[in-house]
Protein chains: 2
Amino acid sequence: MPSIAEQIVQCLHDALGDVKKPVALHEPCFSGREWGYVKECLDTGWVSSVGSFVDRFESELAAYTGVRHAIATVNGTAALHVCLLLAGIEAGDEVLVPTLTFVATANAISYLGAIPHFVDSDEQSLGVDVRKLRTYLQDVAEMDPSGCRNRFSGRPIKAVIPMHAFGHPVDLDSLATLCRDYGLILIEDAAESLGSHYRGRHVGNWGSLSAVSFNGNKIVTTGGGGAILTNDPELARKAKHITTTAKLPHRWAFVHDQIAYNYRMPNLNAALGCAQLERMDSFVAAKRHLAERYRAAFLGCDGVKVFHEPVYARSNYWLNVLLLDVDQADRRDEVLETLYSLGFLCRPVWAPMHKLPMYAHCPRMNLGCAESLERRIICVPSSAGLGGA
Amino acid sequence: MPSIAEQIVQCLHDALGDVKKPVALHEPCFSGREWGYVKECLDTGWVSSVGSFVDRFESELAAYTGVRHAIATVNGTAALHVCLLLAGIEAGDEVLVPTLTFVATANAISYLGAIPHFVDSDEQSLGVDVRKLRTYLQDVAEMDPSGCRNRFSGRPIKAVIPMHAFGHPVDLDSLATLCRDYGLILIEDAAESLGSHYRGRHVGNWGSLSAVSFNGNKIVTTGGGGAILTNDPELARKAKHITTTAKLPHRWAFVHDQIAYNYRMPNLNAALGCAQLERMDSFVAAKRHLAERYRAAFLGCDGVKVFHEPVYARSNYWLNVLLLDVDQADRRDEVLETLYSLGFLCRPVWAPMHKLPMYAHCPRMNLGCAESLERRIICVPSSAGLGGA
Ligand SMILES: Cc1ncc(COP(=O)(O)O)c(C=O)c1O
Ligand SMILES: Cc1ncc(COP(=O)(O)O)c(C=O)c1O
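Residues numbered from 1 in each chain as written. Chains lettered and ligands numbered in written order. Predicted model: local features only at pLDDT ≥ 70, side-chain atom pairs only at ≥ 80, totals over all residues. Heavy atoms only, no water.

What's the story with the overall build of chain A in this structure? I'm lost.
Each helix and strand counted, chain A has 12 helices and 15 strands in total. Against the compact-globule benchmark of 21 Å for 389 residues, chain A has a radius of gyration of 21 Å, which places it among compact chains. Looking at the 389 residues of chain A, the share that counts as buried comes to 64%. Restricting to contacts in chain A with at least 6 residues of sequence separation, those with at least 24 account for 72%. (Helix = DSSP H or I, 4+ residues; strand = E, 2+ residues; numbered from the N terminus. Rg over C-alpha atoms; globule rule 2.2 N^0.38 Å. Buried < 20%, exposed > 50% of the residue type's maximum accessible area, 1.4 Å probe, protein only. Contact = heavy atoms within 4.5 Å.)

It is not clear to me how the site of ligand 1 should be interpreted in this structure. Could you clarify?
Contacts to ligand 1 come from 17 residues, most closely from Thr77, Glu192, Ser213 and Lys218 of chain A together with Asn262 of chain B. Of all the elements in the fold, those that place two or more residues in the shell around ligand 1 are helix 4 (76-86) and helix 5 (103-111) of chain A. Examining the composition of the shell around ligand 1, we find that three residues originate from one element, helix 4 of chain A, more than from any other. When its residues are assigned to classes, the shell around ligand 1 shows five nonpolar, nine polar and three charged. (Near = heavy atom within 4 Å. Nonpolar A, V, L, I, M, F, W, Y, C, P; charged D, E, K, R; others polar.)

Just to check I follow, could you spell out the relation of the copies chain B and chain A for this structure?
These two copies of the chain differ by a rotation about an axis and a displacement along the same axis. Least-squares fitting of chain B to chain A yields an RMSD of 0.0 Å, with the transformation described by 0.0 Å of translation along the axis and a rotation of 180°. What the rotation and shift describe, once combined, is the action of a two-fold rotation axis. Nearest to the rotation axis, the C-alpha of valine 74 of chain B is located 3.7 Å from it, this being the minimum over chain B. A shared interface surface links the copies, since 98% of the contact residues of chain B are contact residues in chain A too. (Least-squares fit on C-alpha atoms with pLDDT ≥ 70 in both.)

How should the site of ligand 2 be read in this particular structure?
Of all residues adjacent to ligand 2, which total 17 residues, the nearest are Asn262 of chain A together with Gly76, Thr77, Glu192 and Lys218 of chain B. Residues within reach of ligand 2 are spread across chains A and B. Residue threonine 77 of chain B places a side-chain N or O atom 2.5 Å away from an oxygen atom belonging to ligand 2. Between an oxygen atom of ligand 2 and a side-chain N or O atom of lysine 218 of chain B, the distance comes to 3.0 Å. About the coverage of ligand 2: the protein hides 96% of its 380 Å² of free accessible area. Within the residue set of the shell around ligand 2, elements represented by two or more residues are helix 4 (76-86) and helix 5 (103-111) of chain B. Tallying contributions element by element places helix 4 of chain B first for the shell around ligand 2, with three residues. (Polar contact = N/O pair within 3.5 Å; in protein donor to acceptor, adjacent residues only side chain to side chain. Areas by Shrake-Rupley, 256 points an atom, 1.4 Å probe, with all protein chains shown as cover.)

Before we go on, may I ask you to explain the environment of phenylalanine 298 of chain A in this structure?
Inspection of the secondary structure puts phenylalanine 298 of chain A in the loop between helix 10 (280-297) and strand 12 (304-306). Sequence-wise, phenylalanine 298 of chain A and serine 52 of chain A are 246 residues apart; in three dimensions their C-alpha atoms are separated by 46 Å.

Help me understand the interface of chain B and chain A, please; the structure alone is not making it clear to me.
Buried accessible area, meaning the area lost when the parts come together, often serves as the stated size of an interface. Taken together, the contacts link 57 residues of chain B with 56 residues of chain A. Taken together, the two surfaces of chain B and chain A that pack against each other cover about 4,800 Å², and 70% of this comes from carbon and sulfur. Considering only the side of chain B, the residues that lose the most area to chain A are Trp35, Trp252 and Phe254 of chain B, jointly responsible for 16% of the buried surface there. On inspection of chain B and its partner chain A, the count reaches two salt bridges. Top contributing element to the side of chain B that touches chain A by residue count: helix 2 (residues 34-44) of chain B, with six residues. Taken together, the residues of the side of chain B that touches chain A sort by class into 31 nonpolar, 18 polar and eight charged. (Buried area = accessible area lost by both parts, 1.4 Å probe. Salt bridge = Lys/Arg side-chain N within 4 Å of Asp/Glu carboxyl O.)

Explain the nonpolar core here, please?
One broad trend across soluble globular proteins is that nonpolar side chains are buried collectively. With 210 residues, the main nonpolar core has Leu133 of chain A together with Leu133 of chain B as its most contacted residues. Residues in contact with leucine 133 of chain B, not counting those within four places in the same chain, are Leu96, Val119, Val128, Val160, Leu175, Leu178 and Met365 of chain B. (Core = buried A, V, L, I, M, F, W, Y, C linked by side-chain atoms within 4.5 Å.)

Explain the pattern of salt bridges to me, please; I cannot follow it from the model alone.
It is possible for side chains bearing opposite charge to pair when their charged atoms get close. Counting across every chain of the model gives 40 salt bridges over all chains. The residue aspartate 93 of chain A makes a salt bridge to lysine 158 of chain A at a minimum N-O spacing of 2.5 Å. One end of the pair, aspartate 93 of chain A, is in the loop between helix 4 and strand 2 (94-98); the other, lysine 158 of chain A, is in strand 6 (residues 157-160), and 65 residues separate them in sequence. Between arginine 295 of chain B and glutamate 292 of chain B there is a salt bridge, with its nearest N and O atoms 2.7 Å apart. Of this pair, arginine 295 of chain B and glutamate 292 of chain B both sit in helix 10 (residues 280-297), separated by three residues, roughly a single helical turn.

What am I meant to see in the environment of valine 140 of chain B here?
Turning to its location among the elements, valine 140 of chain B is positioned in helix 6 (residues 130-140). Excluding residues that lie within four positions of it along the chain, valine 140 of chain B makes contacts with His117, Arg149, Asn150, Arg151 and Phe152 of chain B.

Whenever I open this one, the sheet that holds strand 10 (residues 209-213) of chain B confuses me. Can you help?
Strands belonging to one sheet form pairs held by backbone hydrogen bonds; the direction of such a pair is parallel or antiparallel. Residue and element names in this part refer to chain B. What the seven strands build is an open sheet, ordered 1-11-10-7-6-2-3; its pairing is mixed. Of all the strands in the sheet, the pair left with one neighbour each is strand 1 (69-73) and strand 3 (115-119). Across the sheet, the mean angle from the axis of one strand to that of its neighbour is 25°, orientation sign disregarded. With four bridges joining them, strand 10 and strand 11 (residues 226-230) adopt antiparallel strand pairing. (Pairing = 2+ DSSP bridges. Axes fitted to C-alpha atoms, helices over the stretch in contact; angles between N-to-C directions.)

Help me understand the packing of aromatic side chains in this model?
The relative placement of two aromatic rings is captured by the distance of their centres and the angle of their planes. Tallied over the entire structure, the rule returns 25 aromatic pairs over all chains. Look at phenylalanine 102 of chain A and phenylalanine 254 of chain B: their rings are 6.4 Å apart centre to centre, the planes differ by 80°, and that puts the pair in the edge-to-face class. Of this pair, phenylalanine 102 of chain A sits in the loop between strand 2 and helix 5 while phenylalanine 254 of chain B is found in the loop between helix 8 (233-243) and helix 9 (267-277), placing the two residues in two different chains. Classification of phenylalanine 102 of chain A as partly exposed rests on a relative accessible area of 27%. Put simply, the rings of Tyr111 of chain A together with Tyr261 and Tyr263 of chain B pair up and form one aromatic cluster. A cation sits over an aromatic face here: arginine 201 of chain B above tryptophan 206 of chain B, 5.4 Å from the ring centre. (Phe/Tyr/Trp six-rings, centres within 6.5 Å; stacked < 30°, edge-to-face > 60°. Lys NZ or Arg CZ within 6 Å of the ring centre and 35° of its normal.)

What follows is the structure in structure tokens.
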């Protein structure tokens, strides 16, 4: 009887066919107009803050997501930082956030002196378990005239940041209802989920502000980059202002009216982004196709299942996830070693935030599901190229 | 008798010859290997955090400046932020900084909750007036066992950030002596002064940490970008760690050991930077040549002089500066209007920090020289291309 590692290797071979090793976890695909646009950018000399690709990238991103305004930023972390700032998060506030996320989500909260308050995950979405959060808040939250307060710490609980893990949307309608009930601001960390839909509508439309990332490992990339999404024109105006040093418009005078950031995306990176956005439909199709191949290949594989998008979702399947059965969890590292040694550059999920030294003392609910998922998730190669893009 | 505006127009024509209008204030020049390197980057797919151009850019920058370590960042503002963080600047500290600077210098101080303390400028360097600062500190500073303290505010004065305005080095030896006398940390804002030398040595070598910028308007550009320079290997290690999310090295595990930033420069931008750095010598030569042409053209022009590098310096002449005589200061806007209307895209200096609403209440010395310079500086077109690069 082959080991679980051997079985997984066999299934990966079945799913990926005759692929060149090593197989990256996620590689970008530049077979569209990337060259053309980047060259245009160099030829005109407008590589930096002046130039038309940023405007174009922003309007095409807004059109693609159906969110009214998109503000391009230097990366997804900067986008999250500004989302929280504009949501009014202040030092000493608590912000609910899944423990199972990339560290940037928690860091952005810290940049404002606010405190991440960790929430458990749901095995159906890999994101915030909304039902469990509601039960938890019944114990922990207390409403006073200024809003929701943590009855144990005494601090305001101001917002919740769902993160659509590996592209799979959390249950946004339930979460939006919860936010209304508790007066919480909803900010979506959609860094991984460009191209993902919840009940037919693109993610990023539920948060008062949302953040996406165009890092090199994302479904489309600008080298480094991100964006703030919002349907609120006033927040959009503020986001643009605060990400561009709060300079007042003038032909030559340099006057700035608030403490602000240099978080704008350079035109060079936006040029790459414009070409990449044109490929979104084919990338999503390829990634969904790849997910289907994984599903089929692993059908008969005992001890592990391929994670499937939630019922309400159409996911971008940014990274395909294998979920080891609970009784196989202690084999995770052995599986990773084997896959690595054979040139499948797989990875586990992030160390949960509450296990990192700087966040170990933050408030949290019971995190049983997240801790179980941590031991069982293996992300497998998921480039759009592997799905035929 | 022609007006001062008319005289200046005539001198600009003399200096620039038959130039195509509008003449930008500063344009990048991509006639080297920019496209080759950027294309290589796209072809390999390594546009983001993986890829060899960042390492190469860092080591070539270190070699060029003679500073032992260079850490590439997403921009100069991020570099300044990290310099201050690693220097140990904390909330409630005061940091001495010229009022005549780009807003990023003061903003970086604010990001840490520290307070800019504004210093006057010197008409010889356009930067910190070291002698005046010394006299001021005799009144304001009080030394106690933990270091220098502002006797009026009671707050620690921790550091000083000289900014080499328009590429002209401040008097670094005197400033370094002052820093020793008062136990102040020296951090150079060398954003504008790549290619500038003080007494034969490149700027950035005096600060315990220094920041440069590769914004689109700088002598060389990466679209957006910056770097931290330091001769201290331990600070260099920390700078790399904190600008790359403090991730611990591991083949697949995502563990981070402190609150940190996504401030790394993408490989795509570093590729551009590598090609640009190869041109430094020719850019500096061209810009110095252009400065010489301006000097010659304005020799007979009453009421205005061309700013000349300080005696101890060899400047990159990032932007050439006209200095109106004191009795012509009220003509500045009229001159700017005229130049603009004729297609010379000139500009004044920044609004001094103490006049911006968010910094109006910060501590400061008498800022008479900076206020005078503010009324009298006009920056004129200074692209390396105009000097023959
Ligand atoms: C969930 C999540 N949030 C935030 C980020 C931060 O984005 P970036 O790397 O562009 O700063 C990322 C991606 O790296 C992410 O996966
Ligand atoms: C003096 C000074 N400091 C800091 C910066 C900030 O650099 P960046 O624009 O790359 O963030 C600049 C340039 O814009 C500058 O001129």
